[in-house]
Amino acid sequence: MISIEELKYLAEISKIDLTDDEINRFPPQLNKTIEYIDILEELASDESITMDLHEINFDELRDDVVKKSDGQPIIKNLTEEGFLRGPKMK
Amino acid sequence: MAHLHDLLAYEVVEGIKGQQFTAEQYVGSMIKRIEDVDSKLRSFITVDSEGALSSAKIIDRKIKEKVDIGTLAGVTIGIKDNISTKGIRTTCASKILEDYVPSYDATVIRKLKENGAIILGKLNLDEFGMGSTTEYSSFYSTHNPWNLDYVPGGSSGGSGAAVAAGECTVSLGSDTGGSIRCPASFCSVVGLKPTYGRVSRYGLISYANSLEQIGPICRSVKDAVMIMNIISGKDIMDNTSIQSTPIAIKSKLGKLNIAIIKELINGSDHDVTRTVYSASEKFKDIGYSCEEVSIKNLDYALPSYYTLASAEASSNLARYDNIRYGFDFPIEEYKWDTYFSNVRKNFGQEVKRRILIGSYVLSSGYYSKYYLKARMLRSLLKLELLKLFNKYDLLIGPTMPILPFKIGEKIDDPFKMYLVDVNTVLANLAGIPAISIPVGFSNGLPIGLQIMAAPCQEQKLVDASLALEDTIDIQRRPKSI
């Protein structure tokens, strides 16, 4: 079960600031879901089952091909000089 | 003649090619229709009237010049707003992407345009596709055209409502756990989720890559086939995409063996169950065999789906840092360690909940308890379904276990909302194709039948759907709008 402390930790690793209201409201909501997915524990582990659905081998990947973008810049914080602007480190 | 906005896709193409009306007249009538009804429905996030009219003029000019105009010439398409459209804002119904304008077209968009289809605009959804009612859009809820107080389903609710109300000829949705079939069922239209890989996901903004597919929402099965045959196929930009053969309108497969999934019928509302049984009787009338079967692993399907979808979401949505793409939020006022979590405050509540659940099931100690078990269940379920498909051509049941409900009715209980996806997630977990087709009403609210087939057996889905469509006599257009 997710406590308020654990919620704060999850928010930190997910990089999301939660409001006080969310900190109070989320634990019971999330715990309902956790309780529900707890049923998965009943399944006995079976190593004979292959779990490779949809996976693609690395050697099947296409080559990277460099193309010039013909639309507007994809990157939002690109300066005219071609630098990427980010928040200050300190 | 009926209103132009009532025409099906193949009728539009015939009308324009036969010069009964011009593409410009047709597109003009669709824009007028949006102006007339969208203030009530709120299906659209962006309408590209200018772009649509200029594409229509090009088609009309090509007709005069006797140049080929493509198999979808003049067909207007509404696009779920999580599919990238070059030069048209693509928001995912999220504040985080409020100002994002893609610099490229998704493969499906490129293919549609190459075949003469006209992009009319971008349609509302639950933020990033996470929801079943379109109430989790950061902008506004979409309303059900059959009763404006009710939800249209989700997450492709705008795509369902716009097609049902004749605001666009057809639409594209995406389906991660039922997001095409749920609104198709709630809005009484046809919605097809293809076999995983049949349609390229290049340009679909990711929520849960291993589960989702783009597919059509239409007012007839024939229209869905037309769209599928254009958007399907191997794409070098999506390594999970696969080659496929075109779907025929008249195949030679003959009578099919159908099985009703007992648990899905038993878990549904009485009126839904009754209507689905009556549809299965119609299958028997046309000579299909029909019996009941059980799925052993069904109880684990939805928990497994929410574990996997949330895990993939938490990883996919980590990219929204508002540096590479995003919305108007000052960079100067924050330092490195606080900027990102402040920016990401702007995700909606449901998106936050799923990211947090995803982080939880992937975190140390819980990974093998939840994530690995969910993946294992997925394989077991797929094996079980494939075994059933050795014996039966199709598995059927209600698309949704309940009727559409009122806007606001379930919004305060996110968990209750999850439970409505119980019938649809099977196809996503197993990667198999599934369609929802309209089969009836209860108190004026639509009921959809879900048909599932083995991987790449879309032809069987279409055969059965066409046969049923012919025998079911129901109201096709909502009167209230």
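Shown above is the structure to which this text applies.
Residues numbered from 1 in each chain as written. Chains lettered and ligands numbered in written order. Predicted model: local features only at pLDDT ≥ 70, side-chain atom pairs only at ≥ 80, totals over all residues.

What follows covers the sheet that holds strand β5 (residues 190-193) of chain B. Residues and elements named next belong to chain B. If you trace the eleven strands from one edge of the open sheet to the other, you get β1-β3-β2-β4-β6-β5-β10-β11-β9-β7-β8, paired in mixed fashion. The open sheet terminates on both sides in strands that have one partner only, identified here as β1 (44-47) and β8 (289-293). Taken over all neighbouring pairs, the strand axes of this sheet differ in orientation by 30° on average, direction set aside. Alignment of β5 against strand β6 (residues 213-218), held across two bridges, turns out to be antiparallel. (Pairing = 2+ DSSP bridges. Helix = DSSP H or I, 4+ residues; strand = E, 2+ residues; numbered from the N terminus. Axes fitted to C-alpha atoms, helices over the stretch in contact; angles between N-to-C directions.)

Glancing now at the pairing of strand β4 (residues 170-175) of chain B. All names here are of chain B. Judged by how many residues are buried, β4 sits mostly within the fold: six of six residues are covered. Here β4 shows no split at all, with Val170, Leu172 and Ser174 on one side and Ser171, Gly173 and Asp175 on the other all buried. Of the strand pairs in this sheet, β4 and β6 are connected by five bridges, and their pairing is antiparallel. Pairing of Ser174 across the sheet is with Ile214, part of β6. (Buried ≥ 20, exposed ≤ 12 C-beta atoms within 10 Å, placed from the backbone.)

Here we take up the environment of Leu125(B). Turning to its location among the elements, Leu125(B) is positioned in the loop between β3 (118-123) and α5 (157-164). Filtering out sequence-adjacent residues up to four positions away, Leu125(B) remains in contact with Lys80(B), Asp81(B), Asn82(B), Ala93(B), Thr134(B), Ser137(B), Gly154(B), Ser155(B), Ser156(B), Gly157(B) and Gly158(B). (Contact = placed C-beta atoms within 7 Å.)

Residue and element names in this part refer to chain B. In the segment running from Gly154 into Ser155, the intervening peptide bond is cis, with an omega of 5°. Mapped onto the fold, Ser155 is located in the loop between β3 and α5. For Asn322, which is not glycine, the phi torsion reads 65° and is therefore positive. Mapped onto the fold, Asn322 is located in the loop between α10 (298-316) and α11 (336-343). The exposure class assigned to Asn322 is buried, which follows from the 22 C-beta atoms found within 10 Å.

Attention shifts here to the environment of Tyr392(B). Residues and elements named next belong to chain B. Relative to the helices and strands, Tyr392 resides in the loop between α13 (367-391) and β9 (394-398). Tyr392 gets classed as buried once you count the C-beta atoms within 10 Å, which come to 20. Expressed as a C-alpha distance, the spacing of Tyr392 and Asn316, which sit 76 residues apart in the sequence, is 37 Å. In this structure Tyr392 touches Asn257, Ile258 and Ala259, once residues within four positions along its chain are discounted.

By themselves these figures say nothing about function.
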